[in-house]
Amino acid sequence: MNTMTEGVTTLTGWLRSAIDLGLAMVLTFVVIDILFPGTTGVLTNLSNVIGSLAKEGVAGLIALLLFLVLTRK
């Protein structure tokens, strides 16, 4: 049972690191897109995602809150 707990802890750590890396990359690409418009297209994609969440109303709000809870430290 102890090795199973260690395995889950290790997997959780890896997933947290992957999410942190992804968020850092998105932020880096946003800065690049602000400095050099249209270079990465991240801002366009983010605005599309935010627009689709806004169209969905309560379901979009729940999806956004779920994303924030999952990425919170």
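Residues numbered from 1 in each chain as written. Predicted model: local features only at pLDDT ≥ 70, side-chain atom pairs only at ≥ 80, totals over all residues. Heavy atoms only, no water.

1. Brief notes about the overall build of the protein
Note the following rule: Helix and strand labels come from DSSP, where a helix needs a run of H or I of at least four residues and a strand needs a run of E of at least two; each type is numbered from the N terminus. A radius of gyration in this sense is built from C-alpha atoms; the matching globule rule multiplies 2.2 Å by the number of residues raised to 0.38. Exposure is judged per residue with a 1.4 Å probe applied to protein chains only, and the accessible area is read against the type maximum: over 50% gives exposed, under 20% gives buried, and values in between give partly exposed. Calculation of accessible area relied on Shrake-Rupley with a 1.4 Å probe; when residues are assessed, cover is drawn exclusively from the protein chains displayed. Asp and Glu are treated as the negative residues and Lys and Arg as the positive ones, with His and the ends of the chain left uncounted. The location of each charge is read from NZ of Lys, CZ of Arg, CG of Asp or CD of Glu.
Broken down by element type, the protein carries three helices and zero strands. The N-to-C order of helical and strand elements in the protein reads α-α-α. Compactness check: the protein gives a C-alpha radius of gyration of 16 Å against a globular reference of 11 Å for 73 residues, more than 25% above the reference. The principal-axis extent of the C-alpha atoms belonging to the protein is close to 50 × 30 × 15 Å. Scored against the burial criterion, the 73 residues of the protein give a buried share of 8%. As presented, the protein carries roughly 6,000 Å² of accessible surface, and 75% of it is formed by carbon and sulfur atoms. Distance between charge centroids for the protein: 7 Å, based on 4 positive and 4 negative side chains.

2. Looking at the side chain of Asp33
The following threshold applies: What qualifies as a polar contact is a pair of N or O atoms within 3.5 Å, subject to a donor-acceptor requirement within protein and to the restriction that residues adjacent in sequence count only when both atoms come from side chains.
With respect to the helices, strands and loops of the structure, Asp33 is situated in helix α1 (residues 2-35). The class for Asp33 is buried, based on a relative accessible area of 4%. Of the polar contacts made by the side chain of Asp33, one reaches the backbone nitrogen of Thr39; its length is 3.2 Å.

3. Considerations on the layout of surface pockets
The condition that has to hold: Using a 1 Å grid laid over the protein atoms alone, points where a 1.4 Å probe fits but cannot get out form a cavity; open sets with protein on both sides within 12 Å along at least 5 of 7 lines form a pocket; any residue with an atom within 4 Å of a point counts as lining. Grid points are joined across faces, edges and corners, and a volume is the space filled by probe spheres set on the points. Amino acids are sorted into nonpolar (Ala, Val, Leu, Ile, Met, Phe, Trp, Tyr, Cys and Pro), charged (Asp, Glu, Lys and Arg) and polar (every other residue, Gly among them).
Space inside the largest pocket adds up to approximately 200 Å³. Together, Leu46, Val49, Ile50, Leu53, Gly60, Leu61, Ala63, Leu64 and Phe67 line the largest pocket. Listing elements by their share of the lining of the largest pocket, those giving two or more residues are α2 (42-56) and α3 (58-71). By residue class, the composition of the lining of the largest pocket is eight nonpolar, one polar and no charged.

4. What to know about a nonpolar patch on the surface
The condition is simple: Patch membership requires more than 30% relative accessible area and the absence of a salt bridge. Residues of like charge join within 9 Å; the nonpolar side chains Val, Leu, Ile, Met, Phe, Trp and Tyr join within 5 Å. Take a side-chain nitrogen of Lys or Arg and a carboxyl oxygen of Asp or Glu: if they are within 4 Å of each other, that pair is a salt bridge.
A surface patch of nonpolar side chains, about 590 Å² in accessible area, is lined by Ile19, Leu23, Leu61, Leu64, Leu65, Phe67 and Leu68. For the nonpolar patch, the secondary-structure elements that each account for two or more residues are α1 and α3. No other element matches the five residues that α3 contributes to the nonpolar patch. Along the chain, Phe67 falls in helix α3.

5. Quick notes on the confidence of the model for the protein
In plain terms, the rule: pLDDT is defined as a per-residue confidence score from the predictor, taking values between 0 and 100.
On average, residues of the protein score 85 in pLDDT, and 97% of them reach the 70 mark or higher. Looking at the elements of the protein, mean pLDDT is at its lowest for α3, recorded as 80, and at its highest for α1, recorded as 89.

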